[in-house]
Amino acid sequence: MGKIVVIGSINVDLVFTSDKRPQAGETVMGKTFSLIPGGKGANQAVAASKLGADTYMIACVGNDSNGEFSLKNLNDMGVNTRGVKIVDEVPTGLANIIVADNDNSIIVIPGANYAIGKDLIDENKKLILSAGMVLLQLEIPMEVVEYVVDICFENKVRVLVNPAPAAPLKKSLIDRATYITPNEHELKLIFDNLDTDEVLKKYPNKLIVTMGSKGVKYHDGKEIRVIPSNKVDVVDTTGAGDTFCGALAAALVRGDSIRDAIIFANKAAAFAVTKLGAQSGMPVLEDLL
Ligand code: RIB
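Criteria and thresholds
Throughout, residues of each chain are indexed from 1 in the direction in which the sequence is written. At least 70 in pLDDT is required for a residue's local features to be given in this predicted model, at least 80 for side-chain atom pairs to be given and counted, and no such filter applies to totals for whole chains, interfaces and linings, which use all residues. Hydrogens and water molecules were not included; the side-chain quantities draw on all heavy atoms of the structure. Residues enter patches when they are more than 30% accessible in relative terms and free of salt bridges; like-charged ones are connected within 9 Å and nonpolar ones (Val, Leu, Ile, Met, Phe, Trp, Tyr) within 5 Å. Residue exposure ignores everything except the shown protein chains as possible cover, and the areas themselves are Shrake-Rupley values with a 1.4 Å probe. Salt bridges are defined by distance alone: a side-chain nitrogen of Lys or Arg within 4 Å of a carboxyl oxygen of Asp or Glu. Secondary structure counts use DSSP, requiring at least four H or I residues in a row for a helix and at least two E residues in a row for a strand, with both numbered from the N terminus. For each residue, the accessible area found with a 1.4 Å probe, counting protein chains only, is set against the maximum for its type, and the residue is called buried under 20%, exposed over 50%, and partly exposed in between. What counts as a disulfide here is a pair of cysteine sulfur atoms lying within 2.5 Å. For two strands to pair, DSSP has to find at least two bridges joining them. Nearness is judged by heavy atoms alone; a residue qualifies as near a molecule or strand once a single heavy atom is within 4 Å of it. We call two N or O atoms a polar contact when they sit within 3.5 Å, provided that within protein one can donate a hydrogen and the other can accept it, with sequence-adjacent residues counted only if both atoms are side-chain atoms. In this description, a line fitted to the C-alpha atoms serves as the axis of each element, helices being fitted only across the stretch in contact, and the angle between N-to-C directions of two axes falls anywhere from 0 to 180 degrees. The hand of a helix crossing depends on one turn: near helix anticlockwise from the far one by less than a right angle means left-handed, and clockwise means right-handed. Throughout, a residue-residue contact means that at least one pair of heavy atoms, one from each residue, lies within 4.5 Å. Gly is placed with the polar residues, together with every amino acid not listed as nonpolar (Ala, Val, Leu, Ile, Met, Phe, Trp, Tyr, Cys and Pro) or charged (Asp, Glu, Lys and Arg). Roughly parallel means an angle under 35 degrees; roughly antiparallel means over 145; roughly perpendicular covers 65 to 115; every other angle is labelled oblique. By nonpolar core we mean a set of buried residues, namely Ala, Val, Leu, Ile, Met, Phe, Trp, Tyr and Cys, connected to one another through side-chain atoms within 4.5 Å.

Peer 1: Is there a simple way to think about a nonpolar patch on the surface in this case?
Peer 2: Taken together, the side chains of Phe 16, Phe 33, Leu 35 and Phe 69 define a hydrophobic patch exposed on the protein surface, amounting to about 370 Å² of accessible area. Among the structural elements, Phe 33 can be located in strand β3 (residues 32-38). We classify Phe 33 as partly exposed; its relative accessible area is 46%.

What follows is the structure, encoded as structure tokens:
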């Protein structure tokens, strides 16, 4: 089973729950507050590691208590953090998350996540080249994402790009990535509002579109397939996409077919949304048997 190397963000999540989402100019009384580990990169690394994958992270945190907290959590979750650099000039990334009306809204302050540069990638090139799969998201500078995709493509290392938060992607990146996992909203932005099925046909076995409770769509080379999602009582959808990507990578690296990997990742994501917080509900292998 190959290594998974996640290159991405580490945040501390400040999670407020409330019965009502405040409108602009409005103050509402909340129900609970939690300060918990997050960041799309860290979440995906934890998801993969909890499911048994040999997982490494390349990232930056600030020289502060949030950075210490995040690193300790990653280590406790079995993620190897030798590629994580502690930087002095900027604080650890933060996310303000409001969970209300069965959905979440998030503001991210990138902080140290934007200190990730090509130099950090070069320092960790050996690790990247030894990976069974590299995972990227878009909470780090785009030029670094593009640089890593090029390195992976040139060296035949499989690379999965989760284009979240939504941002336009260069055609060369789309062509060179092995897998791309947008949700419907991200897909529309990346492919200029083109019809989902038309886009899927162009990128068989590469584009994997997550559609929440409607399931996951991809083209298997012959036809479009929809893998239904698992029905559960939702508590918090934060990190569902991250659990999906981490689990998908863990399954692909152990040799599952795309179809089996999606079924496995769907189960993992469904399990995760039954608890508050991005990482708190992520399953271990036994939970999915
Ligand atoms: O995908 C969920 C994550 O997005 C949160 O953990 C938050 O940190 C933001 O990065």
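Peer 1: What is the right way to look at the state of the cysteines in this model?
Peer 2: Here is the idea: a disulfide is a covalent bond, and it sits between the sulfur atoms of two cysteines. One pass over the structure, following the stated rule, counts 0 disulfides. Cysteine Cys 60 shares no disulfide, and the gap to the nearest cysteine sulfur, in Cys 152, comes to 18 Å. The class of Cys 60 is buried, set by a relative accessible area of 1%. Residue Cys 245 stays outside any disulfide, its sulfur separated by 15 Å from that of Cys 152, the closest cysteine. Taking the relative accessible area as the measure of exposure, Cys 245 reaches 1% and is therefore buried.

Peer 1: Please explain the sheet that holds strand β8 (residues 131-136) as it appears in this structure.
Peer 2: Note: strands within a sheet are paired through backbone hydrogen bonds, in either parallel or antiparallel orientation. If you trace the 6 strands from one edge of the open sheet to the other, you get β5-β4-β1-β8-β9-β10, paired in parallel fashion. In the strand order of this sheet, the two ends are held by β5 (80-87) and β10 (179-180), each with one partner.

Peer 1: Looking at this model, I keep getting lost on the site of the ligand. Mind explaining?
Peer 2: Taken together, 14 residues are adjacent to the ligand, and Asp 13, Gly 39, Lys 40, Glu 139 and Asp 242 come closest. A distance of 2.6 Å separates an oxygen atom of the ligand from a polar atom in the side chain of Asp 13. In the complex, 96% of the free accessible area of the ligand, which totals 280 Å², lies under the protein chains. Contributions of two or more residues to the shell around the ligand are made by β2 (11-17), α1 (40-50) and β7 (103-109).

Peer 1: Is there a simple way to think about the pattern of salt bridges in this case?
Peer 2: Any two side chains of opposite charge can pair if their charged atoms end up close together. Applying the stated criterion to the full structure yields 13 salt bridges. One salt bridge connects Lys 20 with Glu 26, and the closest N-O pair in it is separated by 2.7 Å. Judged by its relative accessible area of 38%, Lys 20 is partly exposed. Residue Glu 26 is classed as partly exposed on the basis of its relative accessible area of 32%. For Glu 154, the salt bridge goes to Arg 176, with nearest N and O atoms at 3.4 Å. Of the two residues, Glu 154 sits in helix α5 (residues 142-154) while Arg 176 sits in helix α6 (residues 171-176), which places them 22 residues apart along the sequence. Taken together, the shared-partner salt bridges connect Asp 150, Glu 154 and Arg 176 into one network.

Peer 1: Before we go on, may I ask you to explain the packing of helix α9 (residues 240-253) against helix α10 (residues 258-272) in this structure?
Peer 2: Axis separation between α9 and α10 bottoms out at 8 Å; the angle between their running directions is 145 degrees. Crossing angle aside, the handedness with which α9 passes α10 is right-handed. Only Ile 258, Ala 261, Ile 262, Phe 264, Ala 265, Asn 266, Ala 268, Ala 269 and Ala 272 of α10 make contact with α9, whose side of the interface consists of Ala 240, Thr 243, Phe 244, Ala 247, Leu 248, Ala 251 and Leu 252. The residue inventory of the contact of α9 with α10, partitioned by class, reads 14 nonpolar, 2 polar and no charged.

Peer 1: Would you take a moment to explain the packing of α1 against α9 for this structure?
Peer 2: Each packed pair of helices is defined by two parameters, the angle between the axes and the distance between the axes. With their axes 7 Å apart at the nearest point, α1 and α9 run at an angle of 45 degrees to one another. Between α1 and α9, the angle falls in the class oblique. Taken as a pair, α1 and α9 cross one another with a handedness that is right-handed. Contacts between α1 and α9 involve Lys 40, Asn 43, Gln 44, Ala 47 and Ala 48 on the former and, on the latter, Asp 242, Thr 243, Cys 245, Gly 246, Ala 247 and Ala 250. Split by residue class, the contact of α1 with α9 holds 5 nonpolar, 4 polar and 2 charged.

Peer 1: Sorry, what's going on with the sheet that holds β7 here?
Peer 2: Across the sheet, 4 strands lie side by side as β3-β2-β6-β7; this open sheet has mixed pairing. The open sheet has two edge strands, β3 and β7, and neither has a second partner. Here the average twist between neighbouring strands, direction ignored, is 20 degrees.

Peer 1: Teacher, can you tell me more about the nonpolar core here?
Peer 2: When a protein is soluble and globular, its nonpolar side chains tend to lie buried together. Judged by nonpolar contacts, the single largest core of 84 residues is most densely connected at Ile 7, Met 57, Val 134 and Leu 136. Sort the elements by how many residues they give to this core and α9 lands first, with 9 residues. The contacts of Ile 7, once residues within four sequence positions are left out, are Ile 58, Ile 121, Ile 128, Val 134, Leu 135, Leu 136, Gln 137, Ile 140 and Val 148. Listed in part, the 5 residues of the second largest apolar core include Val 15, Ile 36, Ala 95 and Ile 97.

Peer 1: For this particular structure, what's the right way to read unusual backbone geometry?
Peer 2: Most peptide bonds take the trans configuration, and most residues that are not glycine carry a negative phi. Residue Ala 164 is joined to Pro 165 through a cis peptide bond whose omega torsion reads -5 degrees. Within the secondary structure, Pro 165 sits in the loop between β9 (159-161) and α6. At Asn 102, a residue that is not glycine, the phi angle is positive and equals roughly 60 degrees. Mapping Asn 102 onto the fold places it in the loop between β6 (93-100) and β7.

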